[in-house]
Amino acid sequence: MRSYGADGAGLAASRGVFDSDDNGVTSADVPSCGSLAERFGLTEREAEILELVAMGRSAQYIADDLTISYNTVWTHIKHVYQKLNIHSKQELIDLVRLGA
């Protein structure tokens, strides 16, 4: 299971990637990502992908940022969506913002 800091911040937050995207969640929503990851049993990598997708990042951006293949990113995204029982990036963002 992924370990989060005392403030609930995950790897994406600690790397400072929350400062430039207005389409997704903000750093204030990061603890919600951690709660969701733990509650739904996401792997460490899936939790990291969850944070980045929730921020509105594209699969290509994530692949480049994490130095993994585009197809691997999509596999992780699909697993996250399945585990959270959602079907779109917007549903993911809404779920994180609501802290459900």
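(A) Representation of the nonpolar core in the model. Residues Leu50 and Leu92 are the most contacted members of the largest nonpolar core, which totals 24 residues. Among the elements of the structure, helix H2 (30–39), helix H3 (44–54), helix H4 (59–66), helix H5 (70–84) and helix H6 (89–98) are those that each provide at least two residues to this core. The greatest single-element share of this core, amounting to 6 residues, is contributed by H3. The residues contacting leucine 50, other than those within four sequence positions of it, are Cys33, Leu36, Ala37, Leu42, Val80, Leu84, Leu92 and Val96.

(B) How the structure looks around the confidence of the model for the chain. Taken residue by residue, the chain gives an average pLDDT of 80. The fraction at 70 or more is 68%. Per-residue pLDDT stays below 50 along residues 1–9; that stretch engages in 24 contacts with residues further than four places along the chain or on separate chains. Across residues 13–22 the pLDDT falls below 50, and counting only partners more than four positions away or on other chains, this stretch makes 21 contacts in the model.

(C) Summary view of the packing of H3 against H6. Look at H3 against H6: their axes get within 9 Å of each other, and the N-to-C directions meet at 100°. The orientation of H3 relative to H6 falls into the category roughly perpendicular. Along its contact with H3, which presents Leu50, Val53 and Ala54, the element H6 presents Lys89, Leu92, Ile93 and Val96. Split by residue class, the contact of H3 with H6 holds 6 nonpolar, no polar and 1 charged.

(D) Representation of unusual backbone geometry within the structure. At threonine 67, a position not held by glycine, the phi torsion is positive, near 55°. Positionally, threonine 67 belongs in the loop between H4 and H5. Threonine 67 sits in the exposed class, given a relative accessible area of 69%.

(E) Spotlight on H3. Within H3, 9 of the 11 residues are buried, which leaves the element mostly enclosed by the surrounding structure. For H3, the complete set of buried residues consists of Glu46, Ala47, Glu48, Ile49, Leu50, Glu51, Leu52, Val53 and Ala54.

(F) Region of the structure containing the packing of aromatic side chains. Scanning all chains against the criterion turns up 0 aromatic pairs. In this arrangement the basic side chain of arginine 57 is found over the ring face of tyrosine 61, its NZ or CZ atom lying 4.4 Å from the centre.

(G) How the structure looks around the pattern of salt bridges. This structure, assessed with the given rule, holds 2 salt bridges. Here arginine 45 makes a salt bridge to glutamate 48, at a shortest N to O gap of 3.2 Å. Here glutamate 48 and arginine 45 lie together in helix H3, a separation of 3 residues that amounts to about one turn. Glutamate 46 is the partner of lysine 83 in a salt bridge, and the nearest nitrogen-oxygen pair spans 2.7 Å. Of this pair, lysine 83 sits in helix H5 while glutamate 46 sits in helix H3, placing them 37 residues apart in sequence. In this structure glutamate 46 comes out as buried when scored by relative accessible area, which is 5%.

Quick notes on the rules
- Residues numbered from 1 in each chain as written.
- Predicted model: local features only at pLDDT ≥ 70, side-chain atom pairs only at ≥ 80, totals over all residues.
- Heavy atoms only, no water.
- Core = buried A, V, L, I, M, F, W, Y, C linked by side-chain atoms within 4.5 Å.
- Buried < 20%, exposed > 50% of the residue type's maximum accessible area, 1.4 Å probe, protein only.
- Helix = DSSP H or I, 4+ residues; strand = E, 2+ residues; numbered from the N terminus.
- Contact = heavy atoms within 4.5 Å.
- pLDDT = per-residue confidence, 0-100.
- Axes fitted to C-alpha atoms, helices over the stretch in contact; angles between N-to-C directions.
- Parallel < 35°, antiparallel > 145°, perpendicular 65-115°, else oblique.
- Nonpolar A, V, L, I, M, F, W, Y, C, P; charged D, E, K, R; others polar.
- Phe/Tyr/Trp six-rings, centres within 6.5 Å; stacked < 30°, edge-to-face > 60°.
- Lys NZ or Arg CZ within 6 Å of the ring centre and 35° of its normal.
- Salt bridge = Lys/Arg side-chain N within 4 Å of Asp/Glu carboxyl O.

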